[in-house]
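Below, each chain spelled out in residue letters.
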Amino acid sequence: MSDAPARSATTGTAAPPRTGAVVAVLAFSGIVVSLMQTLVIPIVGQLPRYLNASASDAAWAITATLLAAAVATPVMGRLGDMYGKRRMLLFSMFMLVVGSVVAGFSDSLVPMIVGRALQGLSSGVIPLGISILRDELPAEKLGSATAMISASLGVGGALGLPVSALIADNFDWHALFWTSAVLGVVALIAVLALVPESKVRTGGRFDLAGAVGMAAGLVCLLLAISKGGDWGWTSGTTLGLFAAAVVILVAWGFFELRGDQPLVDLRSTARPQVLITNLASIAIGFAMFSMSLVIPQVLQLPEATGYGLGQSLLAAGLVMAPSGLVMMALAPVSALVSRAKGPKVTLMTGALIVAAGYGLNVLLMAEVWHFVLASCVIGAGIGFCYGAMPTLIMGAVPASETGAANALNTLMRSIGTSVASAVAGVVLAQMTTEFGGFALPSEDAFRTVLALGAGAALLGFVIAAFIPRAAAGGAEDAVAGGRVPETVKA
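Residues numbered from 1 in each chain as written. Predicted model: local features only at pLDDT ≥ 70, side-chain atom pairs only at ≥ 80, totals over all residues. Heavy atoms only, no water.

**Details of the overall build of the protein chain**
Okay, so step 1: Counting secondary structure elements, the protein chain contains 20 helices and 2 strands.
Okay, so step 2: The C-alpha atoms of the protein chain give a radius of gyration of 21 Å, which matches the 23 Å a tight globule of 490 residues would have.
Okay, so step 3: By its C-alpha atoms, the protein chain is 70 × 45 × 45 Å across when sized along the principal axes.
Okay, so step 4: The buried share of the protein chain, reckoned over its 490 residues, is 58%.
Okay, so step 5: The long-range fraction of contacts in the protein chain, counting pairs at least 24 apart against all pairs at least 6 apart in sequence, stands at 80%.
Okay, so step 6: Carbon and sulfur atoms provide 69% of the accessible area of the protein chain, an area that totals close to 18,200 Å². (Helix = DSSP H or I, 4+ residues; strand = E, 2+ residues; numbered from the N terminus. Rg over C-alpha atoms; globule rule 2.2 N^0.38 Å. Buried < 20%, exposed > 50% of the residue type's maximum accessible area, 1.4 Å probe, protein only. Contact = heavy atoms within 4.5 Å. Areas by Shrake-Rupley, 256 points an atom, 1.4 Å probe, with all protein chains shown as cover.)

Set out below in structure tokens:
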């Protein structure tokens, strides 16, 4: 079974000249999915009133998406490898549309949670898109296209805040979800019209027991991380969930190692370049999300605090937006560096740029342009990192396992962002100052979170340094340059 990206999946001849359209459609689909994840940020404070629910209950509109995405991402990747990546991509976009419609009609808590969970099932779009690129694109376009699709996660997140703030300020809050539904339909139609189905498949039987076990373990882990701050980190519920996650995931690992057709091939995952890249991805995911937890808050706090800049939510979103554009613009540069020096060097370089951006922001927090500058530097580094990660992964696994491997890498980034949210929540809740009778996070608290972001990026740099030298210039460099090495062909 050949996976040469310069060949058409249907005819075996040279790829048709529509590959640029395929890249554009997949990048747009990734941006739509990441936009969906930030849609509710402008209305988080108002959700209890909108849904006639308590603040803790309304928070499940966020948590449900996180949990559904964690489960769906690796499952969709594996199903894509087995039954067709385009088919699973269409299913994922359909779930986004259905979830958006359900949430758009909701005026109470339960349908909102259901809608947001269905939206979360679309989170496999980006790893599926990267896998389609490997199967379909000509050699000279694979590296830059992979970097662009991977960066779409950050692009959508950066652009989502100003777009959703603009909608929330001028229309009924339900319009947020109707916008998501319309964009999802556009992406769905575009995929149907322009994205071909790959013939690179593993076939076999789906590991349902493995999927259930992984889902149970991830739900326990992420639920403890995301809700631990509300329940108390030493509460019986939080500690019980952490303990259950450890027990379930360890048992799941033994089960997967004994299976003939596991959901996740843990032996492939244990390959040094895959394992170390995934560990670095957790650290980089933490670093990426830290700025999203600090910059909008500082921008919106009153100037009377002495460190807030008194900006609106829309203005805060506009400050963050350029970072997403920088990520997209630097995708081709990331690919060029990977081709010349190897994706390991690209990942390490990106991590250092991210750390430098956070260091800059720790020192410069007094003007709006300080945050624009810092977020753009951080965005540039994230663009490098997110372009290198899938190249490292694809260079170490067979083409028939690309979907599952990329999905697992995406999950590792998500775990990093979840941990960042939990850690930042603790810091901002503990380091406070009094203002107008309320306890607000202090300036030192924000600087601490920024410093943690820098530290996470440096940790990612150190971890990436241990990617074996034998891998650099080998399999993953071949993918970066658009060649599929014989050692990883299915």
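**Details of the packing of aromatic side chains**
The relation between two aromatic rings is expressed through the spacing of the ring centres and the mutual angle of the planes.
Okay, so step 1: Summed over the entire model, instances satisfying the criterion amount to 4 aromatic pairs.
Okay, so step 2: Look at Tyr50 and Trp173: their rings are 5.0 Å apart centre to centre, the planes differ by 5°, and that puts the pair in the stacked class. Taken together, the positions of Tyr50 in helix H2 (residues 47-51) and Trp173 in the loop between helix H8 (139-170) and helix H9 (175-194) put the pair 123 residues apart, joining distant regions of the chain.
Okay, so step 3: Note on Trp173: relative accessible area 7%, which makes it buried.
Okay, so step 4: Taken together, the ring pairs connect Tyr50, Trp173 and Phe177 into an aromatic cluster.
Okay, so step 5: The ring of Tyr386 carries Arg413 above its face, with NZ or CZ at 4.1 Å from the centroid. (Phe/Tyr/Trp six-rings, centres within 6.5 Å; stacked < 30°, edge-to-face > 60°. Lys NZ or Arg CZ within 6 Å of the ring centre and 35° of its normal.)

**Things to note about H9**
Okay, so step 1: Spanning 20 residues, H9 covers 28 Å between terminal C-alpha atoms, matching the ideal 28 Å at 1.5 Å per step.
Okay, so step 2: Every buried residue belonging to H9 is among Ala175, Leu176, Phe177, Ser180, Ala181, Gly184, Ala187, Leu188, Ala190 and Val191, and all of these are buried. (Expected span 1.5 Å × (residues − 1).)

**Examining the pairing of strand S1 (residues 432-435)**
Okay, so step 1: Both S1 and strand S2 (residues 438-441) contribute to a ladder of 4 bridges, which runs antiparallel. Across the sheet, Thr433 pairs through a bridge with Leu440, a residue of S2.
Okay, so step 2: Adjacent in sequence and paired antiparallel, S1 and S2 are bridged by 2 residues, among which Gly436 carries a positive phi angle near 60°. (Pairing = 2+ DSSP bridges.)

**What to know about the environment of Leu363**
Okay, so step 1: When you line up the elements, Leu363 lands in helix H16 (residues 343-363).
Okay, so step 2: Considering only alpha carbons, one finds Leu363 and Ala374, 11 residues apart in sequence, at a separation of 10.0 Å.

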